[in-house]
Amino acid sequence: MIESKKVQKMLYGGDYNPEQWPEEIWEEDMRLFHKAHIDVVTLNVFSWAALQPDESTYDFSKLDKIMKLVKDNGLKVCMATSTAAHPAWMARKYPDVLRVEHNGMKRKFGARHNSCPNSPNYRKYSAALVEKIAERYYEIPKDQRNGKCQITASSSFFIPKPFTPFQWAPMNTEREFLDKAAIVKAEVRAQLNQKSIRYIYHEADISLLEGFLARGDRKCAEVIEKAYRKGAIFDAWSEYFRKDAWEEAFAETGIDVSFYACRERSTDEILPWDFLDIGVTKKFLIREWERAQKETVTPNCKMQCSGCGAKSFGGGVCYENQN
Ligand code: SF4
């Protein structure tokens, strides 16, 4: 981490969770940090249960002590949000905060990174906690701050994928993607704190290629083989992306990338992947595609089953709940 223009130094450190062991050890931690030339610590990664013992109580006393300790010892702080592990009371009261596995099994409380990011309760309580942390610890007067707050905003371009309601949707062209990114960039530049904001976006040409590969049919195999023989490999990593190889392959095969990526398909077109049965029915996907175009929100499965067809495999949380 380069701290600022004034201090051109690579900071050295990592996660520090002293709330998980007795306070008598903390001074020894500091001694060892100095010995190891550690100068930054990431605090508050898994402290949610301690910071919020119940729904309406917040307790920052321990974190205050830790902050004082590390500051007194000249360490810099990278403040985490604590939302990587929700408290037990939350899982009991709002079970929707628990993650569901890819096979439909609901996780039980008790591990890190166990929260469902789509849960309205998880979002509500994490946002409230983060606000409290920011209010409490970002009150350092400007002249006493070490370095500035840097925000990185990033975006990816939308790539319609098979077996989703957007499998019929047209993808933007490379030009349209770049124009949209330019609009966001201009908005960022118009902000008063624009120097503190960095905006990055995914490469438009690689996104377009991904869109072509996602919804291609057997004819696309020839393009892939030609591009490979011309040296294209590991294309998802931009430093390896050989645009020239792909352009030549498209030109030699006469295949038009936009036919596969940027064309809106009609719902009665036979799609290359239609012969695969993933449980979710095409009828449901068409319904969702039509609803999406009308900007109609489909209720979350936890609120109401929309009959997608996934439970036809006889397993998973929705099947178990309904049988
Ligand atoms: S069958 Fe119903 S509850 Fe299950 S995943 Fe589909 S819409 Fe959700």
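Here, every reference points to the structure presented above.
Quick caveat: nothing in here was measured; it's all calculated off a predicted structure.

Student: Can you help me understand the overall build of the protein chain in this one?
Tutor: Within the protein chain one finds 12 helices and five strands. Over its C-alpha atoms the protein chain spans a radius of gyration of 25 Å, topping by over 25% the 20 Å that the globule rule assigns to 323 residues. Its C-alpha atoms give the protein chain principal-axis dimensions of about 70 × 55 × 35 Å. Across the 323 residues of the protein chain, 15% fall into the buried class. Summarising the internal contacts of the protein chain: among those between residues at least 6 apart in sequence, 68% fall at separations of at least 24.

Student: I keep staring at the pairing of strand S4 (residues 151–155) and nothing clicks. Help me out?
Tutor: A regular strand places its side chains on the two faces of the sheet in alternate fashion. With respect to burial, S4 is a largely exposed element, only zero of its five residues being buried. Both S4 and strand S5 (residues 197–201) contribute to a ladder of five bridges, which runs parallel. Along S5, the bridge assignment pairs Thr-152 with Arg-198. For the crossover from S4 across helix H6 (residues 174–189) to S5, the handedness is right-handed.

Student: Just to check I follow, could you spell out the sheet that holds strand S3 (residues 76–79) for this structure?
Tutor: Each strand in a sheet pairs with its neighbour through backbone hydrogen bonds, running either in the same direction (parallel) or in the opposite one (antiparallel). Taken in spatial order, the three strands line up as S1-S2-S3 in an open sheet, and their pairing is parallel. For this open sheet the edge positions go to strand S1 (13–15) and S3, each flanked by a neighbour on one side alone. Between one strand axis and the next, the sheet turns through 20 degrees on average, direction left out of account. Bridge analysis of S1 against strand S2 (residues 40–43) gives three bridges, and the strand direction is parallel. By the bridge assignment, Asp-15 is partnered in S2 with Thr-42.

Student: Teacher, can you tell me more about the environment of Phe-109 here?
Tutor: With respect to the secondary-structure elements, Phe-109 resides in the loop between helix H4 (88–93) and helix H5 (120–137). Residue classification places Phe-109 among the partly exposed residues on the basis of 16 C-beta atoms within 10 Å. In this structure, the C-alpha to C-alpha distance between Phe-109 and Gln-191, residues 82 residues apart in sequence, is 42 Å. Among residues more than four places away in sequence, those in contact with Phe-109 are Ala-88, Ala-91 and Leu-98.

Student: Honestly, the packing of helix H8 (residues 220–229) against helix H9 (residues 243–253) in this entry has me stumped. Any pointers?
Tutor: Running from N to C, H8 and H9 point in directions that differ by 135 degrees, and their axes come no closer than 8 Å. Judged by the inter-axis angle, H8 sits oblique to H9. Between H8 and H9 lies a crossing of right-handed hand. On H9, the residues that touch Glu-222, Val-223, Lys-226 and Ala-227 of H8 are Ala-245, Trp-246, Ala-249, Phe-250, Glu-252 and Thr-253. For the contact of H8 with H9, the residue count by class is six nonpolar, one polar and three charged.

Student: What exactly am I supposed to notice about unusual backbone geometry here?
Tutor: Where the residue is not glycine, phi is negative for most of them; where a peptide bond is considered, it is trans in most cases. Even without being a glycine, His-113 presents a positive backbone phi close to 45 degrees. Residue position: His-113 is located in the loop between H4 and H5. Even without a glycine there, the phi angle at Phe-163 is positive, about 60 degrees. Within the secondary structure layout, Phe-163 lies in the loop between S4 and H6.

Student: It is not clear to me how the pairing of S2 should be interpreted in this structure. Could you clarify?
Tutor: Side chains of S2 alternate between two faces, with Val-41 and Leu-43 buried and Val-40 and Thr-42 left unburied. Handedness of the crossover joining S1 and S2 through helix H1 (residues 26–35): right-handed.

Student: Which parts of the structure should I look at to understand the environment of Arg-265?
Tutor: Tracing the chain through its elements places Arg-265 in the loop between helix H10 (257–261) and helix H11 (282–293). Residue Arg-265 is classed as partly exposed on the basis of its 16 C-beta neighbours within 10 Å.

Student: What is the right way to read the packing of H6 against helix H7 (residues 204–214) from this model?
Tutor: Angle between the axes and distance between the axes are the two parameters that describe a pair of packed helices. One can describe the packing of H6 onto H7 by two numbers: an axis separation of 9 Å at closest approach and a directional angle of 135 degrees. On the basis of their axis angle, the class for H6 and H7 is oblique. H6 and H7 meet at a crossing whose hand is right-handed. Here Glu-174, Phe-177 and Leu-178 of H6 lie close against H7, whose contacting residues are Ala-204, Asp-205, Ser-207 and Leu-208.

Student: Can you help me understand H7 in this one?
Tutor: An α-helical turn contains 3.6 residues, so a residue and the one three or four places further along point in the same direction. Every buried residue of H7 is accounted for by Ser-207, Leu-208, Leu-209, Glu-210, Gly-211 and Phe-212. Its buried side turned inward, H7 meets H6, H8, H9 and H10.

How each quantity is defined
- Residues numbered from 1 in each chain as written.
- Predicted model: local features only at pLDDT ≥ 70, side-chain atom pairs only at ≥ 80, totals over all residues.
- Helix = DSSP H or I, 4+ residues; strand = E, 2+ residues; numbered from the N terminus.
- Rg over C-alpha atoms; globule rule 2.2 N^0.38 Å.
- Buried ≥ 20, exposed ≤ 12 C-beta atoms within 10 Å, placed from the backbone.
- Contact = placed C-beta atoms within 7 Å.
- Pairing = 2+ DSSP bridges.
- Right-handed = clockwise from strand over helix to strand, strands pointing away.
- Axes fitted to C-alpha atoms, helices over the stretch in contact; angles between N-to-C directions.
- Parallel < 35°, antiparallel > 145°, perpendicular 65-115°, else oblique.
- Left-handed = near helix turned anticlockwise from the far one by under 90°.
- Nonpolar A, V, L, I, M, F, W, Y, C, P; charged D, E, K, R; others polar.

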